[in-house]
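Tertiary structure, described
Listed below, chain by chain, are the residues.
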Amino acid sequence: MLDIQFIRDNPDIVKAAIQNKKTEPVDVAELIALADSRKALGQELDALNRARNDAQKNRDIETGKRLKDEAAALEAKYAAVEKSYVALMLKLPNIPSPDTPVGMSDDANKVLREVGEKPHFGFSPKPHWELGEALGLIDQETAGEVSGARFTYIKGDLALMQFALLSLSMSILTNEETLADIARRAGLTVSTKPFVPVIPPYMMKSAVMNRMARLQPLDERYFFEKDDIVLVGSAEHTLGPMHMDESIPEAELPIRYVGYSPAFRREAGTYGKDTRGLIRLHHFDKIEMETFVRPQDGYTEQDFIVAIQEHFLQLLGLPYQVVLKCTGDQGTPDHRALDMETWMPGQNAYRETHTSDYMGGYQSRRLNTRVKHASGESEVLHMNDATLVAMGRMLAAILENYQQADGTVRVPRALRPFLGKDVIGA
RNA sequence: GGAGGUGUGGCUGAGUGGUCUAAAGCACCUGACUUGAAAUCAGGCGUCCGGGUAACUGGACCGUGAGUUCGAAUCUCACCGCCUCCGCCA
């Protein structure tokens, strides 16, 4: 949700955002008119309530009865306006950052940099599903019989590799010195406060997911109507509301969480796309970063998070490119969104493996998560969320980049201490 | 799943229909006393939405939402959270 004052002051920016994002159109003039009448009715109601309170204090029962009816009528009017107003407010997308490229499809995305050297093979590199199936590390056929399409069994050394990735991730994000080092090398002046590891709930109330602006499209969610509960599509969904309806003292910021959870996605409308392998599954596990900062620190925080993501990819020796997503490719609540796409030699393509979303105050305004300044003033704080490891896709990238002529796969050096071997599938 | 409790400001906690403008204590802030601190004393101290340059001022908020009443923290109903016991269970 946007700030109504911002909308009043910058209607053209809001109109441009509606036009440039893939979002349902909203009549901004109508919204402002509703805001005006809501405000006027509110003032009228305040005055009426004052008179009513006076009558009550004086035990003026006649006047009290009359004003009660008047107030009821006015309240009904106010409620109707409020309802339309909120409905439009919730439809408005976040404003894209000034550096976000304008465009409707990913063709307009801007590649900021390509990092790392693509591996050269003396043979034709295979896609990870062929490698994985041949080595007995991936069993999609059995998963298809048991669970259906877009599910998989990850087995043996590949399952161990997932745990190794988890351990490596936590060792980085909970270590203040490592974080300070990452910040220094990225040239960022930023708090080096470590991340708090969290295993969050995997299901949540639909109303809270809606406050995260993540319930829609509902078609993409697994929703249990009987219990009014939704499976999370990311740890973000239950990490983000941890501080809803709270005012956090400025001195306690930033607050940083790293969550490990499954991500459940219906993948509606993607039939026929990426049907093999670990790229597009109804369930995968993910390590997610979620941070809460002062508004003035939002961009730097995102730069820091991207630096962490890049550090991690470099540590694994995976070539990747950093992409600034265009307006049409951004999510509704995003202010600035970057993707990291990792090179998959078996598919001869960069594939999206990481996302970094800076939300500004869009989610926190709905969640009512605020920062309280030393002066006593409070305002909506800013939120960032980002992938550290999307397990399926990271395992796929490692398999494809580290494959050898004999079909076995080397283990990235950084993972060896956690995995306990140099080669898998041997 | 069954039974019984309970939800009040940062915290503890009083308040069962009308100066509640929510007692009191703790914590916190300011000032006085003090070389400084502690102790003591005096005062202040919630959130949100409006009006006003400002001093100030109007409204809403006692888990949430409905209801009864001229009037609700207080009565009624539903929901949510937490606690205790029983049952079941990794």
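As the structure is a computational prediction, the values presented were derived from the model and not from experiment.

Glancing now at the overall build of chain A. When helices and strands are counted, chain A shows 14 helices and 18 strands. Counting only C-alpha atoms, chain A reaches 95 × 50 × 40 Å along its principal axes. The long-range fraction of contacts in chain A, counting pairs at least 24 apart against all pairs at least 6 apart in sequence, stands at 73%. Surface accessibility of chain A: about 19700 Å² in total, with carbon and sulfur atoms responsible for 50%. Measuring between centres, the 50 positive side-chain charges of chain A sit 2 Å from its 61 negative side-chain charges.

Mapping Ser356 onto the fold places it in strand E13 (residues 349-360). Ignoring sequence-local partners within four residues, the contact set of Ser356 consists of Gln302, Ile305, Val306, Gln309, Arg336, Ala337, Leu338, Asp385 and Ala386.

Okay, the domain arrangement of chain A next. Looking at chain A, the domain boundaries give domain 1 (4-91) and domain 2 (106-424). Computed from C-alpha coordinates alone, the two centres of domain 1 and domain 2 are separated by 40 Å. The interface of domain 1 with domain 2 comprises four residues on the first partner and eight residues on the second. Here domain 1 is connected to domain 2 by zero salt bridges.

Turning to the protein's contact with RNA strand B, a few remarks are in order. Around RNA strand B sit 18 residues, and of these Gln43, Asp46, Arg52, Arg59 and Ser378 come closest. For RNA strand B, the backbone portion of the atoms within 4 Å of the protein, that is sugar and phosphate, comes to 79%. One of the side-chain N or O atoms of Arg52 is found 2.7 Å from a phosphate oxygen in RNA strand B. In this structure, Lys205 approaches RNA strand B through a side-chain N or O atom, which is 3.5 Å from a sugar or linking oxygen. Those elements that provide at least two residues to the surface near RNA strand B are helix H3 (28-57), helix H4 (61-91) and strand E14 (369-372).

What counts and how
- Residues numbered from 1 in each chain as written.
- Chains lettered and ligands numbered in written order.
- Predicted model: local features only at pLDDT ≥ 70, side-chain atom pairs only at ≥ 80, totals over all residues.
- Heavy atoms only, no water.
- Helix = DSSP H or I, 4+ residues; strand = E, 2+ residues; numbered from the N terminus.
- Contact = heavy atoms within 4.5 Å.
- Areas by Shrake-Rupley, 256 points an atom, 1.4 Å probe, with all protein chains shown as cover.
- Lys, Arg positive; Asp, Glu negative; His and termini not counted.
- Charge placed at Lys NZ, Arg CZ, Asp CG, Glu CD.
- Domains from an automatic or database assignment.
- Salt bridge = Lys/Arg side-chain N within 4 Å of Asp/Glu carboxyl O.
- Near = heavy atom within 4 Å.
- Polar contact = N/O pair within 3.5 Å; in protein donor to acceptor, adjacent residues only side chain to side chain.

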